[in-house]
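# Inside the fold
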Amino acid sequence: MGNKTTFDFDANIDGALKDDQLRKNLRKAMDILVDKRRAVFPDTAYLEQLRSAGNAIKRRALKQLPRLLEQLEANCTKNGIQVHWAEDTAQANGIVLEILRRHDARDIVKGKSMVSEEMHLNHFLEANDIEAIETDLGEFIIQLNHETPSHIIVPAIHKNKDEVAAIFHDKIPDTPYTENVEELTAIARRVLRKRFAAAKVGLSGVNFAIAETGTLLLVENEGNGRMCTTVPEVHVAVMGLEKVVEKLSDVPPLLRLLTGSATGQMITTYVNMITAPRRSGEKDGPKEVHLVILDNGRSRMLADPEFRQTLLCIRCGTCLNHCPVYVRIGGHAYGHVYPGPIGKILTPQMEGLDQAGVLATASSLCGACGEVCPVRIPIPDLIRRLRNESYDQDGSAVVKGGGYKKNLAETLVWKGWSLANRSPLLNGIGTRLAGKAGKRMPKVGPLKKWTRVRTSPQVARTSLHERARNEGVKDE
Amino acid sequence: MPFTEAKVKTMHVRNYPEQSETAYFFGTCLMDAVYPDAGMAAIKLLKSKGVKVVFPPDQSCCGQPAYNSGFTREARAVARKQIHVFSKPYPIIVPSGSCAGMMKHHYPALFAGTPNEAAARRFSERVYEWSEYLATVLAVELEDRGDPLTITWHSSCHALREMNVIRYSKALIRQLKNVTLVELERETECCGFGGTFAIKQPAISAAMVKDKVADIRRTGATTLVAGDCGCLMNITGAMEHGGVAIAGKHLAEFLWERTNGQ
């Protein structure tokens, strides 16, 4: 949870790395997701074409975002969907609360929505005496255990079935202990059915909002999304403003990329397309549909031509699944709503570098995330840019909290490094000195950290520069 | 769908020039200080194939350490130095996928909008990873003179994802008739080096290299071969620290030894 004052990344990392069960669960689950994605996209050439198409569609949408959002609002309104704009999460929470109060709702059934996590909606509602009920199975599990999602697609991925069995037994009254997955699912179903039937208001996220038709598209596998959006009298959808696309024909390639990348599915079990509340003469469906469009820093990202690419994201989570850091520390260690590679670029931009810039250090820049991103977000390049803005040597930072790491010591180190690498004389002296010191190099600073698990590098007594000269390599 | 055309595009295959009489060698800062034997082996192999190798003495580092750490200005200054030093139109051969990736793919971005942009682009076009140059432009045929040996191979992330040259490195290894290559289970996963990442996030880096060493041990190989000194320093350092008796060698040194009966 984005509790800024208690975010201790180092402690989170150490805790996660000590948790063998967590690492085992994550590795197993990520392997399955990676394999499933590979199986659903067997033709590399086709996948690369599809990724380029996805990138082009989203770029085109971002290029005309203000117009598309207005068009979306106009068409939704025409269809009978009430559109609300929220500049920040406090406004968004206020809008949802107001709707709930107007309908005297004591609770709300929720489909999976990362934007609602971004809003910290459940806590906000709890403080206002309204119970939020997570109905996605993974979300249901972690809500019982008072946890937050550790993955944006599979929120309880850090738990194995034995742990789920224990949670159900402990937290749901009169539940016998069982590790049988079908029985566990049936228990959740039994509990949730009653809540669906009783709730006046349901909430969902949005995967794509189609401007030309005023349609909200929602994918899911459990049917809980359809329940949340059709059973209660009121449906509230929340979305980040980057979810809008221009045309209905933009959706098939994006949908293919989303479900294939996220869960390795050709298509999800349910694809909901919501265009209006219940019309007169219709027997079911909500009587009211609301759409809350959240900015929360997104329009600031849009203003920068490089950072804007963060908004291409379709929240498939495949960058998490392929990340060698995520698979070892899990989602909670990142201390914020969006973990993994996408979180490393999204969170510092939302919360400010001074609050969350440290996340950008947790990457070896191996490039695995950029390689698989379905819309070709150059995540490593954006991580590098955030690192640059963290020091903001030239005063050009655009992200909030830029320059928070600026310090004389590091600046001097890199200035010295730069000088030595431009002066052949200094460079030669440095290498020779290190060569002479050999194993006697003092293990302080970086070398101390390096040698915790490794022997120190052996600097050669004769450098390649000297060898090349001595052994007659041409030097024109 | 025009399958073949798209397929070729996906493979990022370069158009390789005819062999140039003279070629530059960029020794990389790590080879210079820690792995000069590998550097000399790389040079000697090129020379043995008839390439006149030039080693400009004023060369230093590609600039990546600063670039990846948030010190773009310092990186640019060092990169500019390399562009000046390697000014003749010879191909620039780099025995590291990571440094080659920096010089080939990041220099154009690093100098975008500066007076050096055009020069940086021309420079980048001349950059080749060492095994790539041997396997394509030189089309070398290697004769293995060593004893039977089981090895494993570590793919550096930037050789794999930026330079896309792993198939060339492996093709060279597969020419050695007495060498059995046992591949890693997670060959495409980062070893945890990441330059300053190993220092900025030592605990995560340590967990990554520990898993890499375990993967290497499972192959039963007695030698680990890699094409990047950064990874090599990280992995062999961890193996030595953990008392794992597996030798680590840069591809250039390994190939030179095998083809010269050492």
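None of the values given here were measured: they were computed from a predicted structure.

### Notes on the overall build of chain B
The helix and strand inventory of chain B stands at 14 helices and eight strands. In terms of overall dimensions, chain B is globule-like: its C-alpha atoms have a radius of gyration of 18 Å, near the 18 Å expected for 262 residues. Once the C-alpha set of chain B is aligned to its principal axes, its extents read approximately 50 × 50 × 45 Å. Here chain B, with 262 residues, has 57% of them falling under the buried criterion.

### Quick word on the overall build of chain A
When helices and strands are tallied, chain A shows 23 helices and ten strands. Over its C-alpha trace chain A gives a radius of gyration of 26 Å, about what one expects of a compact globule, namely 23 Å for 476 residues. The C-alpha extent of chain A, read off along each of the three principal axes, is 90 × 55 × 45 Å. Residue burial in chain A is summarised as follows: out of 476 residues, 49% are buried. For chain A, the share of sequence-separated contacts (at least 6 apart) that also reach a separation of at least 24 residues comes to 73%.

### So, the sheet that holds strand β9 (residues 270–274) of chain A
Residues and elements named next belong to chain A. The four strands are arranged β8-β5-β6-β9 in an open sheet whose pairing can be described as mixed. Edge strands, defined here as strands with exactly one partner in the open sheet, are β8 (244–245) and β9. Of the pairings in the sheet, the one linking strand β5 (residues 208–210) to strand β6 (residues 215–220) comprises three bridges and is antiparallel in character. Residue pairing for β6: phenylalanine 208 is matched across the bridge by leucine 217.

### Digging into the interface of chain A and chain B
With 60 residues of chain A in contact, the opposing surface of chain B contributes 61 residues. Of all the secondary-structure elements, those providing two or more residues to the side of chain A that touches chain B are α1 (9–18), α3 (44–63), α15 (326–329), α19 (379–391), α20 (408–420), α21 (424–437), α22 (446–450) and α23 (464–470) of chain A.

### Side note on the pairing of strand β8 (residues 247–250) of chain B
Residue and element names in this part refer to chain B. By the bridge criterion, four bridges tie strand β7 (residues 223–226) to β8 in an arrangement that is parallel. Within β8, the residue paired with valine 225 across the bridge is lysine 249. Between β7 and its parallel partner β8, the chain crosses via helix α13 (residues 229–241), and the hand of that crossover is right-handed.

### What to know about the packing of α20(A) against helix α5 (residues 72–85) of chain B
Taken N-terminus to C-terminus, the directions of α20(A) and α5(B) make an angle of 5°; their axes are 9 Å apart at the nearest point. Between α20(A) and α5(B), the angle is such that the two are roughly parallel. Of the residues in α5(B), those in contact with A:Trp414, A:Lys415, A:Trp417 and A:Ser418 of α20(A) are B:Glu74, B:Ala77 and B:Val78.

### Some points on the sheet that holds strand β2 (residues 52–54) of chain B
Residues and elements named next belong to chain B. Within the open sheet, the four strands sit side by side as β2-β1-β3-β4. Their pairing is parallel. Edge positions in the sheet fall to β2 and β4 (127–129), since each of these pairs with one other strand and no more. Averaged over all pairs of adjacent strands, the angle between strand axes in this sheet comes to 35°, irrespective of strand direction. Strand direction decides the pairing type here: strand β3 (residues 92–94) and β4, joined by three bridges, are parallel.

### Some details on the domain arrangement of chain B
Residue and element names in this part refer to chain B. By the assigned domains, chain B splits into domain 1 (17–135) and domain 2 (149–259). Summarising the inter-unit geometry, the C-alpha centres of domain 1 and domain 2 are found 22 Å apart. Counting from both sides, the interface comprises 29 residues of domain 1 and, opposite them, 23 residues of domain 2. Contributions of two or more residues to the side of domain 1 that touches domain 2 are made by α2 (29–33), α3 (36–48), α4 (64–69), α6 (97–110) and α8 (130–135).

### Section: the confidence of the model for chain B
All names here are of chain B. Per-residue confidence for chain B averages 94 on the pLDDT scale, and 95% of its residues sit at or above 70. This stretch, residues 1–10, has a pLDDT under 50; its non-local contacts, to residues over four places away or in other chains, come to eleven contacts. Predicted complex, confidence summary: ipTM 0.94, pTM 0.95.

### Details of unusual backbone geometry
Residues and elements named next belong to chain A. Here the phi dihedral of aspartate 104 falls at roughly 50°; this positive angle occurs in a residue that is not glycine. With respect to the element layout, aspartate 104 can be found in the loop between α5 (89–102) and β2 (107–110). The class for aspartate 104 is exposed, based on 8 C-beta atoms found within 10 Å. With phi around 50°, histidine 120 is a residue other than glycine that occupies positive phi space. Its place among the elements puts histidine 120 in the loop between α6 (114–118) and α7 (121–127).

### Concerning the environment of A:Glu220
Residues and elements named next belong to chain A. Examined against the element boundaries, glutamate 220 turns out to sit in strand β6. Sequence separation between glutamate 220 and asparagine 93 is 127 residues; the distance between their C-alpha atoms is 24 Å. Discounting chain neighbours no more than four positions away, the residues touching glutamate 220 are Gly111, Gly225, Thr268 and Tyr270.

### What about the nonpolar core?
By size, the foremost hydrophobic cluster in this structure holds 218 residues, and its most contacted members are A:Val292, B:Ile93 and B:Val94. Each residue touching B:Ile93, except ones within four places of it in the same chain, is listed here: B:Ala23, B:Tyr24, B:Phe25, B:Phe26, B:Leu46, B:Tyr128, B:Trp130 and B:Tyr133.

### Comments concerning helix α14 (residues 251–259) of chain B
Residue and element names in this part refer to chain B. Of all nine residues in α14, eight are buried; the element is thus mostly enclosed. Of the positions making up α14, those classed as buried are Leu251, Ala252, Glu253, Phe254, Leu255, Trp256, Arg258 and Thr259. Buried residues along α14 sit in contact with α3, α8, α10 (166–174), β6 (179–181), β7 and β8. Positive phi shows up at glycine 261, right after α14, with a value of about 65°.

### Thoughts on helix α2 (residues 20–40) of chain A
One full turn of an α-helix is made of 3.6 residues, so residues set three or four places apart face in the same direction. Residue and element names in this part refer to chain A. With 21 residues, α2 ought to run about 30 Å at 1.5 Å a step, and its terminal C-alpha atoms sit 30 Å apart, in line with that. Along α2, the residues classified as buried are Leu22, Asn25, Leu26, Met30, Leu33 and Arg37. For α2, the buried positions fall inside an angular range of 120° around the axis, keeping them on one side. Residues of α2 that are exposed and point over 90 degrees away from its buried face: Asp20, Gln21, Lys24, Lys28, Asp35 and Ala39. Looking at the packing, one finds that the buried side of α2 touches α1, α12 (251–263), α14 (318–321) and α15.

### Details of the packing of helix α12 (residues 202–218) of chain B against α13(B)
Residues and elements named next belong to chain B. Remark: α12 packs on α13, axes separated minimally by 10 Å, with the N-to-C direction vectors making an angle of 75°. Relative to α13, α12 is oriented roughly perpendicular. Contacts from Val209, Lys210, Lys212 and Val213 of α12 reach α13 at Asn234, Ile235, Ala238 and Met239. Per-class residue counts for the contact of α12 with α13 are five nonpolar, one polar and two charged.

### Examining the confidence of the model for chain A
Residues of chain A with pLDDT of at least 70 account for 99%, and the chain-wide mean is 95. In this model residues 1–5 of chain A is a low-confidence stretch, pLDDT under 50, and it forms six contacts with partners more than four residues away in sequence or in other chains.

### Side note on the environment of B:Glu189
Residue and element names in this part refer to chain B. Its location among the elements puts glutamate 189 in the loop between β6 and α11 (197–200). The buried category is assigned to glutamate 189, around which 20 C-beta atoms lie within 10 Å. Sequence spacing of glutamate 189 and phenylalanine 86 is 103 residues, and the spatial spacing of their C-alpha atoms is 33 Å.

Basis of the calculations
- Residues numbered from 1 in each chain as written.
- Chains lettered and ligands numbered in written order.
- Predicted model: local features only at pLDDT ≥ 70, side-chain atom pairs only at ≥ 80, totals over all residues.
- Helix = DSSP H or I, 4+ residues; strand = E, 2+ residues; numbered from the N terminus.
- Rg over C-alpha atoms; globule rule 2.2 N^0.38 Å.
- Buried ≥ 20, exposed ≤ 12 C-beta atoms within 10 Å, placed from the backbone.
- Contact = placed C-beta atoms within 7 Å.
- Pairing = 2+ DSSP bridges.
- Right-handed = clockwise from strand over helix to strand, strands pointing away.
- Axes fitted to C-alpha atoms, helices over the stretch in contact; angles between N-to-C directions.
- Parallel < 35°, antiparallel > 145°, perpendicular 65-115°, else oblique.
- Domains from an automatic or database assignment.
- pLDDT = per-residue confidence, 0-100.
- Core = buried A, V, L, I, M, F, W, Y, C linked by C-beta atoms within 7 Å.
- Expected span 1.5 Å × (residues − 1).
- Arc of directions from axis to C-beta.
- Nonpolar A, V, L, I, M, F, W, Y, C, P; charged D, E, K, R; others polar.

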